[in-house]
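# A closer look at the structure
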Amino acid sequence: MEFSHNGFQLNVNDTLKFVSPEEILAWKTEVQKANEFLMNKNGKGREFLGWMSLPSDIIKKSIKKINNTAELLRKKSDLIVVVGIGGSYLGARAVIDALSHSFETLLGKKKKYPLVIYAGQNLGEDYHSNLLDVLNKNDYSVIVISKSGTTTEPAVAFRILKNHLEKKYGKKEARKRIVAVTDESKGALKKLSDTEGYKSFVIPDDVGGRYSVLTPVGLLPVAAAGLDIKELIRGSKDMQEFIDTENSIVNNPAMLYAAVRNALHRKGKAIEILASYTPNLNYFIEWWKQLYGESEGKNGKGIFPAGVNFTTDLHSMGQWIQDGTRNIFETVLWVENSSNKLTVPSDENNLDDLNYIAGKRLNEINQKAMLGTAMAHVDGGVPNIFISVPKLNEYYLGQLIYFFERACGISGYVLGVNPFDQPGVEAYKKNMFALLGKQEK
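These lines cover the structure that appears in this document, whether it is placed above or below. Note that this is a predicted model, so its numbers are computed, not measured.

## Section: the sheet that holds strand S10 (residues 328-335)
On the basis of which strands lie adjacent, the open sheet formed by six strands has the order S1-S2-S11-S10-S8-S9 and mixed pairing. Single-partner strands in this sheet number two, and they are strand S1 (2-5) and strand S9 (304-309). Strand-to-strand twist in this sheet, taken as the mean axis angle between neighbours without regard to direction, amounts to 15°. Of the strand pairs in this sheet, strand S2 (residues 8-11) and strand S11 (residues 384-389) are connected by three bridges, and their pairing is antiparallel. Residue pairing across strands places Asn-11 opposite Phe-386, the latter belonging to S11. Where helix H13 (residues 282-296) meets the sheet, it contacts strand S8 (271-276), S9 and S10, and its direction lies at approximately 175° from that of S9.

## Let's talk about the packing of aromatic side chains
On inspection of all chains with the given rule, the structure shows 23 aromatic pairs. Ring pairing ties together the aromatic residues Phe-3, Phe-8, Phe-242, Tyr-257, Phe-284, Trp-287, Trp-288, Tyr-292, Phe-403 and Phe-404, which thus form one cluster. Above the plane of the ring of Phe-201 lies Lys-65, whose end atom (NZ or CZ) is 4.7 Å from the centre. Its guanidinium or amino end placed over the ring of Phe-433, Lys-438 lies 4.2 Å from that ring's centre, counting from NZ or CZ.

## Description of the nonpolar core
If you look at the biggest cluster of nonpolar residues, it comprises 94 residues, and the most contacted ones within it are Trp-51, Phe-284, Trp-287 and Phe-404. Top element by residues in this core is helix H16 (residues 394-415). It accounts for 13 residues. Excluding its chain neighbours within four sequence positions, the residues that come into contact with Trp-51 are Leu-38, Asp-206, Val-207, Tyr-211, Tyr-402, Glu-405, Arg-406 and Phe-420. Counting residues in each nonpolar core, the second largest holds 20 residues, with Leu-79, Val-144, Phe-158 and Leu-189 among its members.

## Digging into the sheet that holds strand S7 (residues 199-202)
One open sheet holds the five strands; their spatial order is S4-S3-S5-S6-S7, and the pairing between them is parallel. Each edge of the sheet is formed by a strand with only one pairing partner; in this case those strands are strand S4 (115-119) and S7. This sheet shows a mean twist of 20° between the axes of neighbouring strands, independent of strand direction. The pairing of strand S5 (residues 140-145) with strand S6 (residues 178-182) spans four bridges and is parallel. Each bridged residue has a counterpart across the sheet, and for Val-144 the counterpart in S6 is Ala-180. Sheet strands touched by helix H6 (residues 125-135): strand S3 (79-83), S4 and S5. Its angle to S4, the strand with the most contacts, is close to 145°. Sheet contacts for helix H7 (residues 152-169): S3, S4, S5 and S6; angle to S5, the most-contacted strand, approximately 155°.

## Here we look at the packing of helix H2 (residues 28-40) against H16
For the pair H2 and H16, the least separation of the axes is 8 Å and the interaxial angle reads 115°. Remark: the crossing between H2 and H16 carries right-handed chirality. In contact with Glu-30, Val-31, Ala-34, Asn-35, Phe-37, Leu-38 and Met-39 of H2, H16 contributes Arg-406, Gly-409, Ile-410, Tyr-413 and Val-414. Tallied by class, residues from the contact of H2 with H16 come to eight nonpolar, two polar and two charged.

## Quick word on helix H5 (residues 90-98)
Of all nine residues in H5, eight are buried, a share of seventy percent or more. Restricting attention to buried positions, one finds in H5 the residues Leu-90, Gly-91, Ala-92, Arg-93, Ala-94, Val-95, Ile-96 and Ala-98.

## A look at the environment of Lys-301
Looking at the secondary structure, you find Lys-301 in the loop between H13 and S9. Taking relative accessible area as the criterion, Lys-301 reaches 38% and is therefore assigned partly exposed. As for Lys-301 and Val-335, which are separated by 34 residues in sequence, their C-alpha atoms are 32 Å apart. Excluding its chain neighbours within four sequence positions, the residues that come into contact with Lys-301 are Glu-296, Leu-415, Gly-416 and Val-417.

Cut-offs and rules
Residues numbered from 1 in each chain as written. Predicted model: local features only at pLDDT ≥ 70, side-chain atom pairs only at ≥ 80, totals over all residues. Heavy atoms only, no water. Pairing = 2+ DSSP bridges. Helix = DSSP H or I, 4+ residues; strand = E, 2+ residues; numbered from the N terminus. Axes fitted to C-alpha atoms, helices over the stretch in contact; angles between N-to-C directions. Contact = heavy atoms within 4.5 Å. Phe/Tyr/Trp six-rings, centres within 6.5 Å; stacked < 30°, edge-to-face > 60°. Lys NZ or Arg CZ within 6 Å of the ring centre and 35° of its normal. Core = buried A, V, L, I, M, F, W, Y, C linked by side-chain atoms within 4.5 Å. Buried < 20%, exposed > 50% of the residue type's maximum accessible area, 1.4 Å probe, protein only. Left-handed = near helix turned anticlockwise from the far one by under 90°. Nonpolar A, V, L, I, M, F, W, Y, C, P; charged D, E, K, R; others polar.

Okay, here's the thing in structure tokens:
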């Protein structure tokens, strides 16, 4: 069972030893119903379905405002600090890291665009102290992202950075170096933004954090990094429009992926491992983990999302995946073509016995490692789902983002949960606030 659309490919043939085509097709009614819940906005969490049409709804005026603001920040900054946690930073970081040079800071030449770095995604004292050491020596601006403005980690980081900016540049200039992405009319950050006169963007009320990549939450940092948000939106729009018009389980990739995941789950496969052979996709995996973990993990249900980077993790997690508890399946995310070309040189002495691959590109060797690993894992009892795109760029990342979001909504409904709330997240906050002595208002 295979699917292809504009370069995006989904292949579930390596699951068919574990679930038959008939068992997958048996989910047809449920996934179609779940997709209709999303389309008609009449399922659980329907008040948070604004992400569904974001790619087609965004207007040129909004894109222009985001790009203009990003340009202003770039002119002032060697570094841009994105302050946020969870969905307020993972989507942007996924895109930026995927399309950035792996060793950009070590190239020793003036960057065309500022380096985007992150704060408020943890409470590490040393981390934020080290960050201030760097900011003391560089011109920088801040994009602070929070719906409420009171989420502890980013709120603490922003207070520290606001204080640092004002001491370094003075209050007037500091205001020009801060952009807030927050609620349209309420919340601590909105109030502060209005009081201080920060330039601001709105997080739509009907879009939850983990689905917010295609709002200013993700688009502004991505644009600030010098990437093409028009192409990101175009890719996601292409995927949205196709999924919206196709209601067949075998021709709709989001429905097929959701059906296979749930069919495998029914067979006892409780853990899904997203595996990439491209190191730059590490934070895309982290974004995916939050998307599926926070959407599906509730009411004692959910497929546990894990992630690995191959071939690196074949030398750490490979043994467990190959020979451990057989309650897992893999989704392999493959990028067909590299942006660069590098071949293995020949060596006259051949002491490492590698001349048999001399002249071969690393991407070809990586591909053979991927195919060999998939064969071994399937033979070892691990079903494999295969997803590929021709190359890493904004367009194909847009396709992947929307595909995974849409499939997550469908899969969550099939599991019988509300994919758009996160009641469990509040438990640790309540305990932390009590231990810190916060007074209830």
